[in-house]
Amino acid sequence: MRKKICTVGAVCALIVTACGKAGGPVTTTGEGGANAGQQPSGRLMVESVDSQVITVSSRETVKVVPDQAQIIFAVTTQNEDAAQCQSENKEKLNQLVETLKSLGIQETSIQTSGFDLNPRYDWDRNGEIIGYEATTQVTVADIQLDEAGTIMEKSVESGVNQIQSVSFLSSNYDESYQEALKLAVDQAQEKAQALADASGCTLGRPVHITEYTANDSYRYNSQKMMSRGYGAAEDTAMAGIGAVMPGEIEVEASISVDFAIQ
């Protein structure tokens, strides 16, 4: 069940408030103010009814329960010899891949997303190299939520010594985003009507709508490996983890609408 939460932005701008005679000049003269005794300094010409608009911004959020997970593992090994260090790392990595495949993860959902081989220094010996450390990062996608806990447990048992992040994604992101867009438009209409009523104008139709870039980090796409993690779990002692609790994720739409006024 989804919850709808309205987080409408408070910023509204009344671009033109000349709701009088369209096309007529509006002349301002100072009396008793800074411009008192001076000639009118300028005039505002309203070219047409189409140039009279109220601009409002609106932001709406729809909450949805995620149904997919992505986990970024890392395998780290150390050895005095660089080649041996890399060989041991490769062996542990192969064990991880075999474990994942035995748990039903397809090879297309397993991606080597990073590899480092660096020397280790003993700074008490003037920076002498005392060995090497190899780290391979593996991103695993397309994980059903009810399987995430088991996959983490078995991966640690197979030799994984880092779980760098766990991301929760929704395969219904697009539908939720479209719902948030509709709610944002409705809210913009209500705000514009309130402004028009307060300023004695007649609200017309929307003449321009701007959709701002959405944060689609929670969007699940089976054809694309995601690399950004949320809800990171950096503790290496992950064995014994219980059920994964994803909570809810927020799908947000933000727009700006220009409404014609008369």
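As a starting point, this report considers the structure included with it. (Residues numbered from 1 in each chain as written. Predicted model: local features only at pLDDT ≥ 70, side-chain atom pairs only at ≥ 80, totals over all residues. Heavy atoms only, no water.)

Ordered in space as β7-β8-β6-β9, the four strands form an open sheet in which the pairing is antiparallel. The strands lining the two open edges of the sheet, one partner per strand, are β7 (110-122) and β9 (162-169). Taken pair by pair, the neighbouring strands of this sheet meet at an average axis angle of 15°, ignoring direction. Where strand β6 (residues 68-79) lies against strand β8 (residues 128-144), 11 bridges are found, and the strand directions are antiparallel. Looking at the pairing, Ala 74 lines up with Gln 137 of β8. The sheet contacts of helix α1 (residues 82-102) involve β6, β7 and β8, and relative to β6 the element is tilted by about 150°. (Pairing = 2+ DSSP bridges. Helix = DSSP H or I, 4+ residues; strand = E, 2+ residues; numbered from the N terminus. Axes fitted to C-alpha atoms, helices over the stretch in contact; angles between N-to-C directions. Contact = heavy atoms within 4.5 Å.)

It is worth spelling out the packing of aromatic side chains at this point. One pass over the full model with this rule turns up two aromatic pairs. Each ring, one from Tyr 173 and one from Tyr 177, has its centre 6.2 Å from the other, and the planes form 5°; the classification is stacked. Of this pair, Tyr 173 and Tyr 177 both sit in helix α3 (residues 173-198), four residues apart, which is roughly one turn of the helix. Here Tyr 173 falls in the buried class, since its relative accessible area comes to 4%. Given a relative accessible area of 11%, Tyr 177 falls into the buried group. (Phe/Tyr/Trp six-rings, centres within 6.5 Å; stacked < 30°, edge-to-face > 60°. Buried < 20%, exposed > 50% of the residue type's maximum accessible area, 1.4 Å probe, protein only.)

On to α1, then. Taking 1.5 Å of rise per residue, the 21 residues of α1 would be expected to cover 30 Å, and the 30 Å separating its terminal C-alpha atoms lies within 8% of that figure. All buried positions along α1 are accounted for by Cys 85, Asn 89, Leu 93, Leu 96, Thr 99 and Leu 100. Buried residues of α1, viewed axially, fall in a sector of 120°; they line one side. Opposite the packed face of α1, turned more than 90 degrees from it, sit the exposed residues Ala 83, Lys 90 and Ser 102. Structurally, α1 contributes buried residues whose contacts are with β6, β7, β8 and α2 (145-157). For α1, the side-chain oxygen to backbone nitrogen distance between the N-cap and Ala 83 is 3.1 Å, and the N-cap itself is Asp 81. Positive backbone phi, at 95°, marks Gly 104, one or two positions downstream of α1. (Expected span 1.5 Å × (residues − 1). Arc of directions from axis to C-beta. Polar contact = N/O pair within 3.5 Å; in protein donor to acceptor, adjacent residues only side chain to side chain.)

Membership of the largest hydrophobic core comes to 21 residues, with the highest contact counts inside it found for Ile 71, Phe 73, Leu 96, Leu 100, Ile 143 and Ile 163. Of all the secondary structure elements, the ones that give two or more residues to this core are β6, α1, β8, α2 and β9. By residue number, the principal contributor to this core is α2, which donates five residues. When residues no more than four places from it in sequence are discounted, the contact partners of Leu 100 are Phe 73, Ile 105, Ile 110, Val 140, Ile 151 and Ser 155. In this structure, Ile 54, Ala 184, Ile 255 and Ile 261 belong to the second largest nonpolar core, which totals 12 residues. (Core = buried A, V, L, I, M, F, W, Y, C linked by side-chain atoms within 4.5 Å.)

In this section: α2. All buried positions along α2 are accounted for by Leu 145, Ala 148, Gly 149, Ile 151, Met 152, Ser 155 and Val 156. As for α2, its buried residues are in contact with β6, α1, β8 and β9. In the segment just after α2, Gly 159 is the residue with positive phi, at about 130°.

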